[in-house]
There are 4 protein chains.
Amino acid sequence: MSRIPVAIVGATGLAGQQFLASLAGHPMFEVRKLAGSIRSAGKKYGHAIRNEQGASRWFCSEPLAPEFTDITVEDSASMTTDGIKLVFSAVEADVARELEPRFARDVAVISTASAFRYENDVPVFLPGVNWDHAALIDIQRKNRGWKGFVSPGPNCTTVGLAMTLRPLDVAFGVGKVIMTSMQALSGAGRSPGVSAMDILDNIVPYIPKEEEKVEKETLKILGKMGPGGIIPADMRVSCTCTRVNVLEGHTESVFVELKRKATLDEVKVAWREFGSDLRALGLPSAPRQLVSLTEDPFRPQVRLDRDAEGGMSTVVGRLREDAVLGGVKYILVSHNTRMGAAKGAILVAEYLVKKGYV
Amino acid sequence: MSRIPVAIVGATGLAGQQFLASLAGHPMFEVRKLAGSIRSAGKKYGHAIRNEQGASRWFCSEPLAPEFTDITVEDSASMTTDGIKLVFSAVEADVARELEPRFARDVAVISTASAFRYENDVPVFLPGVNWDHAALIDIQRKNRGWKGFVSPGPNCTTVGLAMTLRPLDVAFGVGKVIMTSMQALSGAGRSPGVSAMDILDNIVPYIPKEEEKVEKETLKILGKMGPGGIIPADMRVSCTCTRVNVLEGHTESVFVELKRKATLDEVKVAWREFGSDLRALGLPSAPRQLVSLTEDPFRPQVRLDRDAEGGMSTVVGRLREDAVLGGVKYILVSHNTRMGAAKGAILVAEYLVKKGYV
Amino acid sequence: MSRIPVAIVGATGLAGQQFLASLAGHPMFEVRKLAGSIRSAGKKYGHAIRNEQGASRWFCSEPLAPEFTDITVEDSASMTTDGIKLVFSAVEADVARELEPRFARDVAVISTASAFRYENDVPVFLPGVNWDHAALIDIQRKNRGWKGFVSPGPNCTTVGLAMTLRPLDVAFGVGKVIMTSMQALSGAGRSPGVSAMDILDNIVPYIPKEEEKVEKETLKILGKMGPGGIIPADMRVSCTCTRVNVLEGHTESVFVELKRKATLDEVKVAWREFGSDLRALGLPSAPRQLVSLTEDPFRPQVRLDRDAEGGMSTVVGRLREDAVLGGVKYILVSHNTRMGAAKGAILVAEYLVKKGYV
Amino acid sequence: MSRIPVAIVGATGLAGQQFLASLAGHPMFEVRKLAGSIRSAGKKYGHAIRNEQGASRWFCSEPLAPEFTDITVEDSASMTTDGIKLVFSAVEADVARELEPRFARDVAVISTASAFRYENDVPVFLPGVNWDHAALIDIQRKNRGWKGFVSPGPNCTTVGLAMTLRPLDVAFGVGKVIMTSMQALSGAGRSPGVSAMDILDNIVPYIPKEEEKVEKETLKILGKMGPGGIIPADMRVSCTCTRVNVLEGHTESVFVELKRKATLDEVKVAWREFGSDLRALGLPSAPRQLVSLTEDPFRPQVRLDRDAEGGMSTVVGRLREDAVLGGVKYILVSHNTRMGAAKGAILVAEYLVKKGYV
């Protein structure tokens, strides 16, 4: 069976590199085009990721696959969709706003950028959580006259929260949610990202726009598909987002009101059983458990648990009753640059291919 | 004016060292006795804090004051209160349970240990917050037939929380409180404390017994003095405590329900005006501001703010409205081994001397 | 072909766990016995590595293989060699001095402990460097009347140094060597190992006995087999060993006098060609390159390079001429708990099996 | 006695801030002008150091002194020397090359930039080491027709090395020197400086141009004043410079050949007695000991020792004989942004005022 030809836009940045790392040898997708800024255009990819002093700026733990080294990087401003059926977009929001509609006229665009995340006819897929939002794709195509579509992923901090809330909402109903995040350095990118002097022996208690994103996206992702679009979930989320000196993986401390009283065991069952329909689809990047439960009182620990199932499973632990909100409290670890970015986007793409949207 | 002669018990440990660091040249107290375990007994203090390889195990940033170097360490099990009027106790809870009553028969015992913290006739002073609890000292003396008394300080994590809640409670009434802490390494002590391999590029999401302590102590500290003892405050606290790779200073993300609607400006005024009565007392260790407010959106940062006013001021920032609980959310930084331990205990001692309890 | 039955002694400690992690599914060895202290004896291994609070103390990045979970841990003091042909020993030096001779009476003992490292009839194998020292095994057996033998590995800090010096010595002759190490936390073990408060934002400039070990072992490992034993290499090594806040992997800054003038290209060729005879043996744990050369001016970086070839290859970079000693200077990274400990020991075992010593 | 009016150029950067921190309330100097880039020009200093999000970019541990807050920052390109007698320059090398000669036509320029460091008629003062190089100022003035002069300080990594070598050279003669540095983050500046993702759990083994600077400057600083200029010291220095995850303070591992055999006690005496002539001058910023010796086997540790004497003393420890070079080996810690930058420059200025050069 032949693989679907794809392009990666924003291929030299940290998020773009993660697409390459996850698409090497992928059974469903074949990378045909790599695009970046005008500065990289015309260079072989293996050369484009070196700095002026000859040092490699490849940041993934997996080595760069040889199949990509000699692809000549195109200027994303002039890249066409000839010969490809899908664009993975890893550019910044302002660039996305310009580029993505151009590509979406013809092909599917699966993006990690926030540019279109809050538009009414744009779905924000979280794997296994809201596949029914795919109905928005048809609305979007009709609205905009596109043959393709734009499908942005959630903010990385939303991912673990919405993933663990979903089974609770289905089983017991979720009301108030209060969350404090301790987020990894990689979420801030690489050039320059967080300065080492700002974070050593320190915590930075503010990440601009992050809290608003999480509070808004969670309601959209967990919302129901109505006739005219998504009806936001009937819950309220308040959060505080901080940056800590951790390389990869976000930790979140969550307090949840449950509308129906639930025992801790019932909560565990809800999480354990969540995602069985996803497993049934047999998608290459899907984890066995979307939510993995640890009973070790000292877990989840971000360095030890972020890579669970290749960074595709959210690990929860320290489940306790919460008498203040009337529900439960817990801690979760989710991998912000795997399920929370490129690899999550690829899983969405796998689903959309399976369902005939690509 | 002559200084009050005091002893430090548990003098060689991290908490004990902090007493020495803060009592060097103190205008009200003169250290006459140092006591430690049988292993240290008989050695000069300067020698007792060296390990078998000759390395200094003095951990404070201030150098060890020469006035203490040649004091011979006594065995705390056999130390008497002859010639002293006050004992600063920095031992572990189990040792405190045995030693402190023996000293309290004759003299005041101001302690950082939790042993007696939850007993009905024992006050847990937080400077500027609950001086009226001093009435418990009389009850305690009567109950136990002691000439002295035991006065333990709060858990270090409770300090910043209760300090910032107090002015809100007085002004607006506090209902539900949800808190997530990111605590410093020094809170876990030194021998061995947290292993570097456990915390590098990591967060440890559990500190045994910490959450229960904070939830319980906050209500006691913020409670009202009734005829038969303290009536716990009418609020509910739920928290999750984590350990991060920070040397000193606890960061706490707090969400508070306010019973009476308050603007952010009203909240700021409440914090700013808090503690004026403490200033009026002129105690040597008292900060100008018990609670310092920062308007910098990226503050408080623990490395930059923990030492505010010598580690005696709790720094709050990122004040925002919280629609979920109906109140406010904010972040605070407080110094766990200054106001949160020895220096806070010394400030309590200064107050009790001023008021004639010592 | 049937696998050789082996035991791991000191199986619950950090070094022992690394043996388990590397022996899961090993094609040549089958773990039949696990032994530990009296405290662990009688427990299933999966239980023995939990602490009293139920937290896992398994520290390897690989998960614990199911095949080991239910093996009952024996008391190493009473373990016999019945049914096994080889003991991997991961105990401390003082325990090794007692246990290892008892096992060596009957079977081969491959150890990471230093107890017997400096005895005249004991080889210290560094893979690919000094296989000819195997002749000492016969001498040892004869001297001591043992059917088995003891074969300790080098100190982890010696490994990268001796590995990179060997090809230079063969090709050009090595004279003076000056080395400064920046060593990882894992080299200090886990219980408690290095305290986080001692190493955050810090360097500890002293590791007891480390420098003497490196200076002595390097000469033995690079020495020639003479009729009566090893003739130490004719070079002189001086070093300073420090501890830095790095999880795994030692970095060493090396300055070498070369007896015969060599260009940088000649040095590179010597390193690149080194180890071809090892490759020819087809041992399962052998790397393709014992020494890997990087031309990136900012490499080797310990976090990025320690896992080269599964932690079995020493990565060298920053090769420059050194006019002061008359030779070259470079930086190396080697994995202290892979080639520098358990996995290196397993590679030695594979060789000795191949050559009929086990 | 009236204070000397001075300007700080490059005042908003990290190095410039350190000048301000050290000149607040200085008894000899009064800051009259602050200059920065065109972006800061026209703003009050307190405003110029805030970023667009309102966050303070003041990085020193001392708070910004109120006396500087309201000074209006000038554009350094158009700043004149009217009303001032001395310029402290904290700009980058390329900017320094343009600006500093313009100022030096009229007034003294004491700089932390490297621009003029290697010119024959320019002294590179290291306090207490080479005051006799002041004779170059007269040569420089004559050569260039300036009323003022340029006096750049050494690279921060050279400071501790040259400071500890000087007494050894005077007493015993220094031959070969081999040094490996482990340098702090602050040496790389702040915007952006080192990326946290590059250095967490890592070492960066290369700092461009650093090694060449140290090797060259050490010989110039330790050189003798000859009739036509400085005769470089007759020694040879080879070094490897690395970056580690430490906030402030450089650690250096040094191996030194001594031309005359010396006991360790003789070396200690040489270090202890060094700098007595500096003390006699009574300069405000001078430390009591230029070189402080620690006998603790685990010291110097950079976090604990960098602030010795306000960061103005180089702390040495782990002194051992070195048989390979024929001399000694040791470890030193020196504060790269105190004696190694602004505060060292201020001490030089104090000396030059005392001697009538300003």
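If you're wondering where the values come from, they're calculated on a predicted model, not measured in any experiment. (Residues numbered from 1 in each chain as written. Chains lettered and ligands numbered in written order. Predicted model: local features only at pLDDT ≥ 70, side-chain atom pairs only at ≥ 80, totals over all residues.)

Draft legend 1. Geometry of the overall build of chain A. Helices and strands together make up the secondary structure of chain A, namely 12 helices and 14 strands. A globule of 358 residues ought to have a C-alpha radius of gyration of about 21 Å, and chain A, at 20 Å, matches this closely. Projected onto its principal axes, the C-alpha coordinates of chain A cover approximately 60 × 50 × 35 Å. For chain A, the share of sequence-separated contacts (at least 6 apart) that also reach a separation of at least 24 residues comes to 74%. (Helix = DSSP H or I, 4+ residues; strand = E, 2+ residues; numbered from the N terminus. Rg over C-alpha atoms; globule rule 2.2 N^0.38 Å. Contact = placed C-beta atoms within 7 Å.)

Draft legend 2. Structural context of the pairing of strand S4 (residues 86–89) of chain A. Residues and elements named next belong to chain A. Going residue by residue along S4, you find Leu-86 and Phe-88 tucked away on one face and Val-87 and Ser-89 tucked away on the opposite face as well. Sheet topology note: the strand S1 (residues 4–9)/S4 ladder contains 4 bridges and is parallel. Bridge assignment links Val-9 to a residue of S4, and that residue is Ser-89. With 4 bridges joining them, S4 and strand S5 (residues 108–111) adopt parallel strand pairing. (Buried ≥ 20, exposed ≤ 12 C-beta atoms within 10 Å, placed from the backbone. Pairing = 2+ DSSP bridges.)

Draft legend 3. Up close: the sheet that holds strand S13 (residues 314–322) of chain B. Residue and element names in this part refer to chain B. Strand order in the open sheet formed by 6 strands is S10-S7-S11-S14-S13-S12, and the pairing between neighbours is mixed. Looking at strand neighbours, the two that pair on one side only are strand S10 (236–243) and strand S12 (291–293), the edges of this open sheet. Geometrically, the sheet is characterised by an average inter-axis angle of 25° between neighbouring strands, direction not taken into account. With 6 bridges connecting them, S13 and strand S14 (residues 327–334) associate as antiparallel partners. The residue of S14 that forms the bridge with Val-315 is Val-333. The strands touched by helix H9 (residues 264–273) are S12, S13 and S14; relative to S13, the strand with the most contacts, the crossing angle is about 160°. (Axes fitted to C-alpha atoms, helices over the stretch in contact; angles between N-to-C directions.)

Draft legend 4. A look at the sheet that holds strand S6 (residues 149–152) of chain A. Residues and elements named next belong to chain A. Ordered by their spatial adjacency, 6 strands build an open sheet running S3-S2-S1-S4-S5-S6, and the pairing between neighbours is parallel. Looking at the sheet topology across the chains shown, the edges are occupied by strand S3 (74–75) and S6. Across the sheet, helix H1 (residues 14–23) lies against S1, strand S2 (29–36) and S4, angled at about 155° from S1, the strand it touches most.

Draft legend 5. Representation of the domain arrangement of chain A in the model. Residue and element names in this part refer to chain A. When cut into domains, chain A gives domain 1 (4–154 + 342–354) and domain 2 (156–334). Placing the centre of domain 1 and that of domain 2 at their C-alpha centroids yields a distance of 24 Å. Contact residues are listed per partner, giving 29 residues for domain 1 and 26 residues for domain 2. For the side of domain 1 that touches domain 2, the secondary-structure elements that each account for two or more residues are helix H5 (135–144) and helix H12 (342–354). Tallying contributions element by element places H12 first for the side of domain 1 that touches domain 2, with 7 residues. (Domains from an automatic or database assignment.)

Draft legend 6. How the structure looks around unusual backbone geometry. Backbone torsion omega between Arg-299 of chain C and Pro-300 of chain C reads 5°, so that peptide bond is classified as cis. Positive phi is not limited to glycine here, since Arg-318 of chain A has a value of about 55°. You can see Arg-318 of chain A is positioned in strand S13 (residues 314–322). Residue class for Arg-318 of chain A comes out buried when judged on the 23 C-beta atoms lying within 10 Å of it.

Draft legend 7. The arrangement of the relation of the copies chain C and chain B in detail. When chain C is fitted onto chain B, the two copies agree to an RMSD of 0.0 Å after a turn of 180° and an axial shift of 0.0 Å. As the rotation angle and translation indicate, the two copies are arranged about a two-fold axis. When C-alpha positions in chain C are compared against the rotation axis, the closest is assigned to Ala-196 of chain C, at 1.9 Å. When the interface residues of chain C are mapped onto chain B, 100% of them are again interface residues, pointing to one common binding face. (Least-squares fit on C-alpha atoms with pLDDT ≥ 70 in both.)

Draft legend 8. Structural detail: the interface of chain C and chain B. Across the contact, 16 residues belong to chain C and 16 residues belong to chain B. Of the residues that constitute the side of chain C that touches chain B, the class distribution is 9 nonpolar, 5 polar and 2 charged. (Nonpolar A, V, L, I, M, F, W, Y, C, P; charged D, E, K, R; others polar.)

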